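# Report on the structure
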Amino acid sequence: MPVLTIVGALWGDEGKGKVTDAVNEEADLIVKTNGGANAGTTYVVGDKQVILHLLPSGVLRKKRSLLAQNIVMRPELLCKELEEFNWDVDLGIDPRLHVTLPYHLALDYAREKAADIKAKGDNKTSGGAIGTTLSGIGPTYEQQKSRAGIRFCDLCGDETKLKAKVKSNYEYVKGIISQLGLEMVMPDRKIIEGKYIIEDVPLTLEQCEELAVESGKKLKKYMADVSSEVYDAVKAGKKVVLQGAQGTLLDIAFGNYPKVTSSDVRAPAVYTAVGIPAFPMKVVGIVKAYPTKVGSGPVVTCLDCQKWPVDESVSDPVAKLIRGRGKEFGATTGRARRVGWPDMVVLKYSQQLNGFTDIALTRFDLLCDINPLKVCTAYEIDGKTTDKYPGWDLDALARAKPVYTEIEGFPDISNVRKYEDLPSGAKKFVELIEKTTGAPVSIISVGPERNQTIFRDFKAFE
Ligand code: IMP
């Protein structure tokens, strides 16, 4: 199959970067399909760590890299990333893609503040702030749907028309923010002495206009009809990687709504995201050995008392251990991620929504020396046991109690390169994932380096 899609199976941050980079080696074309500057993907290239927020990972291997229409793009951030590559990347940006401007961030920020005030700190279930990345994601997709948004072709088009659109959207957002009783300010995120702090920065219309006009001029040369380009490439038998962002449980429709992002995350959504027919494709689901979650919303196997933001004084020692080992702090925001025991109920749901043909198990080495390992195989909700995940019902998920099975722990596996050499507890864990999903675990990552990977008969494009 010439098309391979990479999708996060859980709540994002599954380690998609490493797997994407591995399959990119063989690819001709790499396309990012959804999300925006909310996702930061970490890549390890030699002894250097590179975090990309907007550029597709193909740029690291100097391959043709595309941003599909379903991406929401912050032009000033893309310019900054391009500067780091001296603007020397083979990049194509779909003209239909929507642009995130500073007033989108201001609205995202205002809504989160207002929700927090209303919820008075109770954000366990469907109430309270979402804990967004404050990157303006929701407001940008919202304006796409209301047909008031600014597309990449508008950003690079007539300056007078562009300014008129910016002005009208700025005024619209200002009106909503003032109805909330708040000011038109941007969030400036900082980490000071280990603490996540947000400061208010005033925002003017002139700043938004200038940013739009200037970035449009710089980025215009990258405009490309991504939909046609991918179609032609597949028809010509080229190898295409579709790189998804976030994770299935953050999907706008099938995730834990409203504690979700605003794009379609599932594998079948890539056809619409890119604008291609349903070509046969390989779907690699990235499953982190343990789930993590940033932002609020229920995680049934959570070891951090469902507390958001994380309060380590009430966290289980296993959560602290794994968070420390895995440096589980957001690549975009620096916020600590909640950690839980592996959950097969969620994984089964994710399989049903995506149809994974292969599983890539990541960060497996970080589960070593935890004995016994607990794995959730069912939930008890109101006295009934079930292995069906009620993804839409956050209150039921908050009441759900995990039913665990125990697996013997295993020692350090970071030097293992063949499946046969894994200890028996580790193999049992892999077998449980295969039984749950019905898909082979064909890639196992046992460390951050490119060579710390076990491939089991994995052919990226066959
Ligand atoms: P937004 O996408 O910034 O609107 O955030 C909505 C929810 O999705 C919040 O809980 C975020 O923490 C979460 N989220 C967004 N992007 C990512 C990601 O790349 N990894 C993990 N969580 C994410």
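Up top is the structure these notes are about.
This section reports on the structure supplied with the text.

Cut-off values and rules
- Residues numbered from 1 in each chain as written.
- Predicted model: local features only at pLDDT ≥ 70, side-chain atom pairs only at ≥ 80, totals over all residues.
- Heavy atoms only, no water.
- Pairing = 2+ DSSP bridges.
- Helix = DSSP H or I, 4+ residues; strand = E, 2+ residues; numbered from the N terminus.
- Axes fitted to C-alpha atoms, helices over the stretch in contact; angles between N-to-C directions.
- Core = buried A, V, L, I, M, F, W, Y, C linked by side-chain atoms within 4.5 Å.
- Buried < 20%, exposed > 50% of the residue type's maximum accessible area, 1.4 Å probe, protein only.
- Contact = heavy atoms within 4.5 Å.
- Near = heavy atom within 4 Å.
- Polar contact = N/O pair within 3.5 Å; in protein donor to acceptor, adjacent residues only side chain to side chain.
- Areas by Shrake-Rupley, 256 points an atom, 1.4 Å probe, with all protein chains shown as cover.
- Nonpolar A, V, L, I, M, F, W, Y, C, P; charged D, E, K, R; others polar.
- Domains from an automatic or database assignment.
- 1 Å grid on protein atoms, 1.4 Å probe; cavity = no way out; pocket = protein on both sides within 12 Å on 5 of 7 lines; lining within 4 Å.
- Points joined across faces, edges and corners; volume = space filled by probe spheres on them.

Strand order in this open sheet of nine strands is β7-β5-β2-β11-β1-β12-β15-β19-β20, and the pairing throughout is mixed. Single-partner strands in this sheet number two, and they are β7 (91–93) and β20 (453–455). Here the average twist between neighbouring strands, direction ignored, is 20°. Pairing between strand β2 (residues 29–32) and strand β11 (residues 240–243): four bridges, direction parallel. Following the sheet pairing, Val31 is matched in β11 by Leu242.

Let's shift gears to the nonpolar core. Proteins that are soluble and globular tend to have nonpolar side chains buried together. Residues Val230, Leu361, Phe364, Tyr379 and Ile444 are the most contacted members of the largest nonpolar core, which totals 76 residues. If you tally residues by element for this core, the top one is helix α11 (residues 344–354), at six residues. Ignoring anything within four residues of it in the chain, the contact list for Ile444 reads Leu361, Phe364, Tyr419, Leu422, Val430, Gln452, Thr453, Ile454 and Arg456. Listed in part, the 44 residues of the second largest apolar core include Leu54, Ile150, Cys156 and Leu211.

Before going further, it helps to examine the site of the ligand. In the vicinity of the ligand lie 17 residues, with Asp13, Asn38, Thr133, Gln246 and Thr261 positioned nearest. At a separation of 2.6 Å, an oxygen atom of the ligand approaches a polar side-chain atom of Thr133. The separation between an oxygen atom of the ligand and a polar side-chain atom of Thr261 is 2.6 Å. The protein chains hide 96% of the 470 Å² of surface that the ligand would expose on its own. Among the residues forming the shell around the ligand, the class breakdown is seven nonpolar, seven polar and three charged. Looking at which domains feed residues into the shell around the ligand, each of domain 1 (3–94 + 225–455) and domain 2 (98–222) gives three or more.

Moving on, we get to the layout of surface pockets. For the second largest pocket, the calculated volume is near 680 Å³. Surrounding the second largest pocket, 32 residues form its lining, His53, Arg74, Leu77, Lys80 and Arg189 being those nearest its centre. Elements with a contribution of two residues or more to the lining of the second largest pocket: β4 (48–52), α2 (75–84), α3 (102–119), β9 (185–192), β10 (195–202) and α7 (205–219). Residue composition of the lining of the second largest pocket, by class: 18 nonpolar, six polar and eight charged. Inspection of the lining of the second largest pocket shows a minimum of three residues originating in each of domain 1 (3–94 + 225–455) and domain 2 (98–222).

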